[in-house]
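Chain by chain, the residues:
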Amino acid sequence: MKLGIVGLPNVGKSTLFNAITKAGAQAANYPFCTIEPNTGIVPVPDHRLDVLAEMFHPKKVTPATVEFVDIAGLVKGASKGEGLGNKFLSHIREVDAIVHVVRCFEDENIIHVDGSISPKRDIEVIDLELIFADLETVARRVDKAQKMVKSGEKRFQTETEVGLRLTAHLESGKPARTFPMSQEEREIVSGWFLLTDKPVLYAANIAEEDLGKDSSEQPFVVAVMEIAKAEGSQVFTISARVEEEISSLPPEEKKEFLQELGIGESGLDRLIHASYSLLGLISFLTAGADECRAWTITNGTRAPQAAGKIHTDFERGFIRAEVVAYDQLTALGSMAACKENGLVRSEGKDYVMKDGDIVLFRFNV
């Protein structure tokens, strides 16, 4: 999973990135501090791996990971080359989902590129730049399809029709992800790799003193929530500054600090959980003396394709999957006890994997 962190300059993107990856991305109080995207890979928090490690005492424990890309701050006119222009847009095109950091705090010591705090305006600036870029992409696709219509192939007529409808939708200021499409049209548009077709998580960056407060009492956050609701996106509050403090603490102190703040879990944990939900992802687990490991798959993945995540030979030579649910294994305490109680199931090629499945794949190549 690759998440791109975007936002206007000086909204807290790089501060948040530093906190969640400890990669030391530069953070300074002026626009265009971030030019080339910084990347950082962080483990997905999964308490189940800790429990399995206690049970199996493996040589190593390997969590699933998320790659974060800190993309330079967009400005008005980026689609036309303003600021650092299309370089930003190409970086966004490569990610699975967008984490849009929106400034929801007042601080006279941190300048705002537009001189005042307005989450609605800030979101619109970035949305419009991405929409302008998508309009150019769709125009090229429509032009090409129109020239091919005379070949008689139905798909070119369909491409032309969906492209023209999508153009009108984008021109009305709406992102491609809210464009109603049939399955056939969805398959066409997904091949255009549109920026506004990517799922979005809004990270409302609030002041430390606002942590733990009801979001409905924070006007800036409410403004973000209204936009997210209208387009079917998700939003969560985070304090990038506090996350930076949390990231430097040892695990026990971190836990106490989170409890004192009344937020339960770190912003990173909430961000990853929200991202999994947004992208429809789950994890299955493998466990043994050599390694306990979590693997990320899309919800609905069948057993052979899940096996292929481990190695292509596992999918090619798939025979069966020996599966036990995490809750059943931890309740009985060992694989041997699960087998004795008939809880280890033998599943075939049509089995749809479930979150928390502990699996041993049998294969022959």
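Residues numbered from 1 in each chain as written. Predicted model: local features only at pLDDT ≥ 70, side-chain atom pairs only at ≥ 80, totals over all residues. Heavy atoms only, no water.

### A look at the overall build of the protein chain
Of the regular secondary structure elements, the protein chain holds 14 helices and 12 strands. For the protein chain, buried positions account for 49% of its 365 residues. For the protein chain, contacts bridging at least 24 residues in sequence account for 69% of all contacts bridging at least 6. (Helix = DSSP H or I, 4+ residues; strand = E, 2+ residues; numbered from the N terminus. Buried < 20%, exposed > 50% of the residue type's maximum accessible area, 1.4 Å probe, protein only. Contact = heavy atoms within 4.5 Å.)

### Observations concerning helix H10 (residues 267-279)
Here H10 is 13 residues long and its end C-alpha atoms lie 18 Å apart, about the 18 Å a rise of 1.5 Å per residue gives. In the segment just after H10, Gly280 is the residue with positive phi, at about 65 degrees. (Expected span 1.5 Å × (residues − 1).)

### Digging into the side chain of Asp70
Within the fold, Asp70 resides in strand S4 (residues 65-70). A polar atom in the side chain of Asp70 sits 2.9 Å from the side chain of Ser14. (Polar contact = N/O pair within 3.5 Å; in protein donor to acceptor, adjacent residues only side chain to side chain.)

### Re the packing of helix H5 (residues 154-171) against helix H6 (residues 183-190)
Direction vectors running N to C along H5 and H6 enclose 80 degrees, while the axes themselves pass 10 Å from each other. By the angle class used here, H5 and H6 are roughly perpendicular. Between H5 and H6, the residues in contact are Lys154, Thr158, Glu159, Val162, Arg165 and Leu166 and Glu184, Glu185, Ile188 and Val189, respectively. (Axes fitted to C-alpha atoms, helices over the stretch in contact; angles between N-to-C directions. Parallel < 35°, antiparallel > 145°, perpendicular 65-115°, else oblique.)

### With respect to the pattern of salt bridges
Under the counting rule described, the total for this entry stands at 21 salt bridges. We note a salt bridge from Asp70 to Lys13, for which the minimum N-O separation is 3.7 Å. Residue Asp70 is found in strand S4, and its partner Lys13 is found in helix H1 (residues 13-21); the two are separated by 57 residues along the sequence. Lys13 gets classed as buried once you look at its relative accessible area, which sits at 6%. Ionic pairing is found between Glu184 and Lys154, a salt bridge with its closest N-O pair at 3.9 Å. Linking Glu184 in helix H6 with Lys154 in helix H5, this pair joins segments that are 30 residues apart in sequence. When its relative accessible area of 41% is taken as the criterion, Glu184 is described as partly exposed. Three or more residues joined by partner-sharing salt bridges are found here, namely Asp46, Arg48 and Asp355. (Salt bridge = Lys/Arg side-chain N within 4 Å of Asp/Glu carboxyl O.)

### So, the sheet that holds strand S5 (residues 97-103)
With mixed pairing, 6 strands are arranged side by side in an open sheet as S2-S4-S1-S5-S6-S7. Each end of this open sheet is capped by a strand with a single partner; those strands are strand S2 (38-43) and strand S7 (234-238). Neighbour-to-neighbour, the strand axes of this sheet turn through a mean angle of 25 degrees, independent of strand direction. Here S5 runs beside strand S6 (residues 200-205); their pairing, made up of 6 bridges, is parallel. (Pairing = 2+ DSSP bridges.)

### Things to note about the nonpolar core
With 66 residues, the main nonpolar core has Phe68, Tyr202 and Ile272 as its most contacted residues. When sequence neighbours within four positions are dropped, the list of residues in contact with Phe68 reads Leu3, Ile5, Phe17, Ile20, Thr21, Asn38, Thr39, Gly40, Val42, Leu268, Leu271 and Ile272. Trp295, Ile297, Phe314 and Tyr351 belong to the second largest nonpolar core, which has 15 residues in total. (Core = buried A, V, L, I, M, F, W, Y, C linked by side-chain atoms within 4.5 Å.)

### Side note on the layout of surface pockets
Within this model, the largest pocket holds a volume of roughly 850 Å³. As for the largest pocket, its lining consists of 29 residues, of which Pro45, Asp46, Lys254, Ser266 and Asp269 are closest to the centre. Elements with a contribution of two residues or more to the lining of the largest pocket: H1, S2, helix H2 (47-56), helix H8 (240-247), helix H9 (251-261) and H10. Broken down by element, the lining of the largest pocket gets its largest block of residues, 5 residues, from H9. Partitioned by chemical class, the residues of the lining of the largest pocket number 14 nonpolar, 6 polar and 9 charged. (1 Å grid on protein atoms, 1.4 Å probe; cavity = no way out; pocket = protein on both sides within 12 Å on 5 of 7 lines; lining within 4 Å. Points joined across faces, edges and corners; volume = space filled by probe spheres on them. Nonpolar A, V, L, I, M, F, W, Y, C, P; charged D, E, K, R; others polar.)

### Points about the confidence of the model for the protein chain
Considering every residue of the protein chain, the mean pLDDT works out to 86; 89% of them sit at 70 or more. Ignoring residues within four places in sequence, the model shows residues 23-35, a span with pLDDT below 50, making 36 contacts including any to other chains. (pLDDT = per-residue confidence, 0-100.)

### Topic: the environment of Phe361
Along the chain, Phe361 falls in strand S12 (residues 357-363). For Phe361, a relative accessible area of 7% translates into the label buried. As a C-alpha pair, Phe361 and Arg320 span 41 residues in sequence and 6.2 Å in three-dimensional space.

### A closer look at empty space enclosed by the protein
For the structure shown, the criterion picks out 1 cavity of 30 Å³ or more. Broken down by secondary-structure element, the contributors of at least two residues to the lining of the largest cavity are S5 and helix H4 (119-148). The biggest single contributor to the lining of the largest cavity is H4, with 3 residues.

### Quick notes on H8
For H8, every residue scored as buried is listed here: Ala240, Val242, Glu243, Ile246 and Ser247. What you see down the axis of H8 is that its buried residues fit within an arc of 155 degrees, all on one side. Along its buried surface, H8 packs onto H1, S6, S7, H9 and H10. (Arc of directions from axis to C-beta.)

### Some words on the environment of Glu245
In this structure, Glu245 sits in helix H8. Of the residues examined, Glu245 reaches a relative accessible area of 37% and is grouped as partly exposed. C-alpha of Glu245 to C-alpha of Ala19: the two residues are 226 residues apart in sequence and 7.5 Å apart in space. Setting aside residues no more than four positions away along its own chain, Glu245 makes contact with Glu208 and Phe257.

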